[in-house]
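The residues making up each chain are set out below.
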Amino acid sequence: MGALSFEILKHDKQSHARIGLIKTRRGDIETPYLVPVATLGSVRALGSDDLQSLGAQCTLANTYHLHLMPGDELIKRMGGLQRFMGLNRPTFTDSGGFQAFSLGFAREHNIGKIGNIFPDELASNGRCANAKSASGKDGDSSGICQDGIYQDFRRRYDDDCAGENDGKKIGIMHNDNCSDDNNNDREGRRAKQKPAKKENLTRITDDGISFKSLSDGAWHFLNAEKSMKIQSNLGSDIIMAFDECTSPLSDYDYTRRAMQRSHVWADQSIRYHDKDQALYGIIQGGWFEDLRRESTEAICAQPFDGIAIGGSLGNSKLDMHQVLDWTVPRLDENRPRHLLGIGEIDDIFECVARGIDTFDCVSPTRIARRGSLLISPEAGGSKDNKFHINIKSAKFKEDRLPIDPNCTCSTCRTYSRAYLHHLYVSRELSYFRLATLHNLHFMLRFMEEIRESIRTGTFAAMKVRWLRMT
Ligand SMILES: [Zn+2]
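Criteria and thresholds
- Residues numbered from 1 in each chain as written.
- Predicted model: local features only at pLDDT ≥ 70, side-chain atom pairs only at ≥ 80, totals over all residues.
- Helix = DSSP H or I, 4+ residues; strand = E, 2+ residues; numbered from the N terminus.
- Buried ≥ 20, exposed ≤ 12 C-beta atoms within 10 Å, placed from the backbone.
- Pairing = 2+ DSSP bridges.
- Axes fitted to C-alpha atoms, helices over the stretch in contact; angles between N-to-C directions.
- Core = buried A, V, L, I, M, F, W, Y, C linked by C-beta atoms within 7 Å.
- Contact = placed C-beta atoms within 7 Å.
- Parallel < 35°, antiparallel > 145°, perpendicular 65-115°, else oblique.
- Left-handed = near helix turned anticlockwise from the far one by under 90°.
- Nonpolar A, V, L, I, M, F, W, Y, C, P; charged D, E, K, R; others polar.
- Expected span 1.5 Å × (residues − 1).

(A) Spotlight on the overall build of the chain. Across its full length, the chain holds 18 helices and 16 strands. Counting only residues that meet the buried cut, the chain has 58% of its 470 residues in that class.

Now the structure itself:
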C-alpha cells in the first residue's frame, strides 16, 4: 500500500453517506470521523493518555504554529510529532494556508476566529452562537464577533488564541476568549469597546505567504516546498497541500486569483511532499459555483491521496450545503473526503449525508472550556440549544445529575453538574479537563453512532431523532 488506502465499507441507501476505513502507516481511521484538533500538538486541557482512553483514532495539528513553536526541526529531532506527543496514532497536519486568512484578512477586518461561522444565521438569530455574553454582546481582545460580523467561517485549526498570539496565551478563563463567562471581567469590558483595526500580518504573492509572528515580530515565509518540508519534519501521516484560504468577504476576482495560486501550489505540493506521507489536495473557490467546479476538477485531476474542501463556505449553512452540492458529486468515490473546520452536530448530519468522510473542528473542546457542555436529545439537547447546557448558569448550583445522564464518560460517571458548576465559577483548572473529556467523548460516541446507523440502515432515522425533524 502507499501512504494511505481507503475502503468504502457501506453506502447509505437514502443519502450519499458512507462508512469507510482509512488505513495509514500508524493505524486505521473509521469514517465518518470528527478529528480532534491538537493545534500545538496537544488537545487543550487533555494529555495523550486521555486521548488514548477516549479512543481517539487520530488528531490534527497545525503546521504554522508548530513551525514557530517549538519548531519542526526540534520535533523531528524528538522523533516526530507522534513520539513527541506520546500518542502513536495517525496525525493530520494543515499546510499553514489557513493562517493566510486568520493572520491576514481576519485581523485587518476585525473578523475573528470565534463565533458562528455563518453571518447570515447570526443576523437572523441576533446572536453569536458560540461566544454569547451575558449582555448579548460578544467579543474579546482578539477581535471576535464584532459589529455583527461573525466570520470564523471555517473554524479550521486555530484553537482559540493560537492564531492571534502564536499560542502564547494559556487556556485559562481570563485568557481564553471567554468574555462570555463574566460580563464584568476585563475581557468583558474590552468587548464593549470599539475594536481597533489591526495590522494584517500576512503578505501574499504567487510565490508564497509571508507571516509576521506576533511573538517576536519576525517575518516567516511559507511556500509549498517549505510547507511540505515542515510537514515532513513533523512526521504526520496525512498532510495538506499548501493553499490560500480566502475570506467570505473576498470578491470574485480575488477568490479566483487565490484559487489559481492554490492550484499552482497544489502541483508544487505533489512534487515536494514526502512520499511516505499521504497528501490531500484542497478545493478552493469560495462561494462561487464556477470557481468551485473549476477547483474541484483541477484538484481531482491530480494524484492526491485524499480531497479536502476548504475556503469560504458562504454566509449561511444553506450556502455551505450549496458549496457541497457543487463539489461533492464531482469527486471520485474512492478517495477520502475531508471538510475543513466544520464539526457541529447538525452540520455533521448534513455533510455526512452529502458524502463527507472526515471533519476537524475546535468547537467541541473550545466550547467546553467556555462552559458549554454537550447533551443528547434524551437529555434535552436540540438544534435550538445547539445540544449543550451552559454550566455557568446558577440553575445548576445544586443539580445532582451528571452533565448528560446517558453519557458514559468518566466525568459523567463521577461528577454532578453542581460540582462542575462550582469548578467553573471558582476557576478551578480541573474544570477544563473534565469538561473537555466530556465534550470529546460525546462527539466521538456521536460519530460512532452515525457509523453504526449507516451500517444498520438507520442514518435517516437517527438524523430525525437528533434534529427532531417532522
Ligand atoms: Zn459525559
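So that's the structure; there's more coming.
(B) Quick look at the sheet that holds strand E8 (residues 208-212). Here 3 strands make up an open sheet; going across it, the order is E7-E8-E9 and the pairing antiparallel. Every interior strand has two partners, whereas the edge strands, strand E7 (202-205) and strand E9 (219-222), have only one. The mean inter-strand angle of the sheet, taken between neighbouring strand axes irrespective of direction, is 15°. Pairing of E8 with E9 involves 4 bridges; the strand directions are antiparallel. In the strand pairing of E9, Lys 212 is matched with Trp 219.

(C) Representation of the nonpolar core in the model. In terms of nonpolar packing, the biggest core is built from 101 residues, with Tyr 280 and Phe 359 touching the most fellow members. With 12 residues, the single largest contributor to this core is helix H17 (residues 430-455). Among residues more than four places away in sequence, those in contact with Tyr 280 are Ile 238, Met 240, Ala 241, Phe 304, Asp 305, Gly 306, Ile 307, Ala 308 and His 338. Counting 13 residues, the second-largest nonpolar core is a separate cluster that includes Phe 105, Leu 201, Ile 209 and Phe 211.

(D) Representation of the environment of Arg 468 within the structure. Tracing the chain through its elements places Arg 468 in the segment after helix H18 (459-467). Judged by local crowding, Arg 468 falls into the exposed class, with 12 C-beta atoms found within 10 Å. Each C-alpha atom, one on Arg 468 and one on Lys 383, is 8.2 Å from the other, the two residues being 85 residues apart in sequence.

(E) How the structure looks around the pairing of E7. Pairing between E7 and E8: 4 bridges, direction antiparallel. In the sheet register, Arg 203 faces E8, and the bridge partner there is Ser 210.

(F) How the structure looks around the packing of helix H16 (residues 417-425) against H17. Contact geometry of H16 with H17 gives a least axis separation of 8 Å together with a crossing angle of 135°. By the angle between their axes, H16 is oblique relative to H17. The handedness of the crossing between H16 and H17 comes out as left-handed. In this structure, H16 contributes Leu 420, Leu 423 and Tyr 424 to the contact, and H17 contributes Ser 430, Tyr 431, Leu 434 and Ala 435. Taken together, the residues of the contact of H16 with H17 sort by class into 6 nonpolar, 1 polar and no charged.

(G) Up close: helix H11 (residues 289-300). End to end, H11 covers 16 Å across 12 residues, agreeing with the expected 16 Å (1.5 Å per residue, within 8%). Of the positions making up H11, those classed as buried are Leu 291, Arg 292, Ser 295, Thr 296, Ala 298 and Ile 299. Structurally, H11 contributes buried residues whose contacts are with helix H10 (252-272), strand E11 (278-283), strand E12 (306-309) and helix H12 (317-327).

(H) Looking closely at the packing of helix H13 (residues 345-353) against H18. H18 packs onto H13 with a crossing angle of 160° between their chain directions and a minimal axis gap of 11 Å. One element, H13, and the other, H18, form an angle in the roughly antiparallel class. Crossing of H13 over H18 shows left-handed handedness. Facing H13, whose interface residues are Ile 345, Asp 346 and Phe 349, H18 presents Lys 463, Trp 466 and Leu 467.

(I) Main features of the sheet that holds strand E3 (residues 27-31). Reading across the sheet, the 3 strands line up as E1-E2-E3 and stay open at both edges, with antiparallel pairing between neighbours. Since the sheet does not close on itself, it has two edges, and those belong to strand E1 (4-11) and E3, each with one partner. Pairwise comparison of adjacent strand axes, ignoring direction, gives a mean angle of 15° for this sheet. Here 5 bridges tie strand E2 (residues 18-24) to E3, and the two strands are oriented antiparallel to one another. Note that in E3 the partner of Leu 21 across the bridge is Glu 30. Contacts between H17 and the sheet are confined to E1, E2 and E3, with E2 contributing the most and set at about 120° to the helix.

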